Amino acid sequence: MPHSPTPVVSTVKRLLLAHFLIVSAYVGVVLIQNWRFWGDAPDSQVGILFDERMMKQAGISCPGPLAVRMDTPVARYRCSTTGIVLGAFKLQRPIIPWPAYEDGESADLTGIIQATMANAEH
């Protein structure tokens, strides 16, 4: 005679499946949101800014690192509102979990980054 699962086991399996589906949907949204931000920008035009002084000079208030895409003449940025950036030190295009960010644009940030890079080359 086949052994049927107890109601507790069935409930646990259903809960695990529901959690798996929710987490999978969340991961999908995060990856799509990050792909939409980084898009097809060349590697030389993207990065993560940790320098609070540069952010303040550009008039950007951000509690965490700033993902930057240099779309001249205006830089697009994504500010992590929780300070969480996955892969910030290892990935060329790190992941900021959705919805823990704010998007923005800044021509001042473009100028500050370009000036800093020009000074570093000399």
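A brief report on the enclosed structure follows. Only a predicted model underlies this, so the values are computations on that prediction, with no experimental measurement involved.

The next thing to look at is the packing of aromatic side chains. Two descriptors summarise a pair of aromatic rings, namely the distance from one centre to the other and the angle between the planes of the rings. According to the stated counting rule, one finds one aromatic pair in the structure shown. Their ring planes at 70° and their centres at 4.8 Å tell us that Phe37 and Trp38 sit as a pair that is edge-to-face. Just as Phe37 is buried, Trp38 falls in that class too.

Right, let's get into the state of the cysteines. Counted under the stated rule, the structure contains one disulfide. In this model Cys62 forms its disulfide with Cys79; the gap between the sulfur atoms is 2.1 Å. The sign of the 105° torsion about the S-S bond sets the Cys62-Cys79 disulfide as right-handed. With a gap of 17 residues between them, Cys62 in the loop between helix H2 (52-57) and strand S2 (66-71) and Cys79 in strand S3 (residues 74-80) connect regions that are remote in the sequence. The burial state of Cys62 is the same as that of Cys79; both residues are buried.

Rules behind the numbers
- Residues numbered from 1 in each chain as written.
- Predicted model: local features only at pLDDT ≥ 70, side-chain atom pairs only at ≥ 80, totals over all residues.
- Heavy atoms only, no water.
- Phe/Tyr/Trp six-rings, centres within 6.5 Å; stacked < 30°, edge-to-face > 60°.
- Buried < 20%, exposed > 50% of the residue type's maximum accessible area, 1.4 Å probe, protein only.
- Disulfide = S-S within 2.5 Å.
- Helix = DSSP H or I, 4+ residues; strand = E, 2+ residues; numbered from the N terminus.

By themselves these figures say nothing about function.
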